[in-house]
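Residues per chain, in single letters:
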Amino acid sequence: TLFARPSQPKIVVEKSTVPVRAAESICTILRANERPGVRHTVLSNPEFLAEGFRCVRSLVPKERLVTMNLWSSELSKLVANAMLAQRISSINAASAICEATGADVSEVAQAVGADSRIGPRFLCASLGFGGSCFQKDVLNLCLNLPEVARYWESVVTLNQYQKYRFADKIIVDLFNTVKGKRIAVLGFAFKKDTGDTRESPAIDVCRRLIDEGALLRVYDPKVASSQIRLDLNQPEPDEASDAAVLTVCSDAYSAAEGAHAVVICTEWSEFSQLDFGRIFASMAKPAFVFDGRNVLDHEALLRIGFRVRAVGKRLDCGGV
Ligand code: UGA
């Protein structure tokens, strides 16, 4: 379609995140196809919306438009995403220190975020960031500048470490083996209010647990069963079985039935509304909760009798 009317000039707009100097490649292709006297133009207009938020319908007022050179525009979007990802890796690195020292990462985040130069947003420690953009965009900054590349790569390395650290904690706390144990995984999307599983940290955690012989019972309010099976490379079995490696459940209660542990992978609001007394009664004992998003009421869970593990904080579990 771009070349349908070759005698007329075109403006090509880069809207999504692109590797640095993508406009150069686009220009080369366009120029090679131009008719004499017809000039095509490329401009970069990246959008900064996060998934699950409503689109801005009206045009942005002129006074709020920022114009800059093409390469700055392309790079701004990449650097914005990389700095957001770096912020999460920073608080997640702090969460590991908190677990080692007895500090509480939520308290640290609150104190640090109160400094207006830092600000309070994007400081929620978690089992790791996901989504289609963060990892890709950070790695797109790893150009032929070795020191710079190593710096940005460490953001992704820390994110991998956080996911495996979380999965390993589950294995160690379940008495060093999850083989043959039922584990309820609540949430599979990369964040709440979306059915998107691209780069979801739940995938790495679940794969690690499956590799160690766990029997997973996964529930997510929005992600289709077929997507969960695809991401975990577990085709639909011919018939349902209690010993299935993966069972996709239609609610949190059936996922938790007979399970040794409940693992929160996505911060869906409905999870904090669950009747955990009912869940505890239906689980194998000792019953564990691993809160990978720090969204549950940990004190209430301890009172019910759960052994509770969260990201970046030590919780009293009856001396264990
Ligand atoms: C991100 C950016 O926030 C948008 O500005 C950008 O436009 C978009 O990528 C894009 O390039 O398309 P999105 O991927 O939709 O948006 O999701 P975020 O809300 O940024 O969350 C990304 C990941 O970080 C999620 O897994 C989320 O759970 C995690 N996260 C976020 C944390 O672990 N802790 C936090 O404090 C915040």
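Just so you know, these numbers come straight off a predicted model, no measurement behind them.

A closer look at the UniProt feature "binding site: substrate" (unreviewed entry) in the chain
Then step 1. Here the UniProt-annotated "binding site: substrate" (unreviewed entry) positions come out as Phe-48, Leu-49, Ala-50, Glu-51, Lys-77, Phe-122, Leu-123, Cys-124, Ala-125, Ser-126, Gly-130 and Lys-191. Spanning 144 residues, the named residues do not form one spatial group; their C-alpha atoms are separated by as much as 23.5 Å.
Then step 2. Residue contacts for Lys-77: discarding those within four places in its chain leaves Thr-17, Pro-46, Glu-47 and Phe-48.
Then step 3. In this structure, Ser-126 sits in the loop between helix H3 (105-113) and helix H4 (134-139).

So, the site of the ligand
Then step 1. If you check the shell around the ligand, you find 21 residues, and the closest are Phe-48, Leu-49, Glu-51, Ser-126 and Arg-293.
Then step 2. A distance of 2.6 Å separates an oxygen atom of the ligand from a polar backbone atom of Glu-51.
Then step 3. In this structure, an oxygen atom belonging to the ligand sits 2.7 Å away from a side-chain N or O atom of Arg-293.
Then step 4. The fraction of the free accessible surface of the ligand (710 Å²) that becomes covered by protein chains is 88%.
Then step 5. With four residues, the top contributor of residues to the shell around the ligand is helix H2 (residues 70-101).
Then step 6. For the shell around the ligand, the residue count by class is 12 nonpolar, four polar and five charged.

Topic: the packing of H2 against helix H5 (residues 146-173)
Then step 1. The contact between H2 and H5 brings their axes to 9 Å, and the two run at 45°. With respect to their mutual orientation, H2 and H5 come out oblique. Between H2 and H5 the crossing geometry is left-handed. The segment H2 lies against H5, with Ala-82, Met-83, Ala-85, Gln-86, Ser-89, Asn-92, Ala-93, Ser-95, Ala-96 and Glu-99 engaging Tyr-151, Trp-152, Val-155, Leu-158, Asn-159, Tyr-161, Gln-162, Arg-165 and Lys-169.
Then step 2. Split into classes, the residues belonging to the contact of H2 with H5 amount to 10 nonpolar, six polar and three charged.

So, how was this worked out
- Residues numbered from 1 in each chain as written.
- Predicted model: local features only at pLDDT ≥ 70, side-chain atom pairs only at ≥ 80, totals over all residues.
- Heavy atoms only, no water.
- UniProt positions renumbered as here; feature names shortened; annotations may be inferred.
- Contact = heavy atoms within 4.5 Å.
- Helix = DSSP H or I, 4+ residues; strand = E, 2+ residues; numbered from the N terminus.
- Near = heavy atom within 4 Å.
- Polar contact = N/O pair within 3.5 Å; in protein donor to acceptor, adjacent residues only side chain to side chain.
- Areas by Shrake-Rupley, 256 points an atom, 1.4 Å probe, with all protein chains shown as cover.
- Nonpolar A, V, L, I, M, F, W, Y, C, P; charged D, E, K, R; others polar.
- Axes fitted to C-alpha atoms, helices over the stretch in contact; angles between N-to-C directions.
- Parallel < 35°, antiparallel > 145°, perpendicular 65-115°, else oblique.
- Left-handed = near helix turned anticlockwise from the far one by under 90°.

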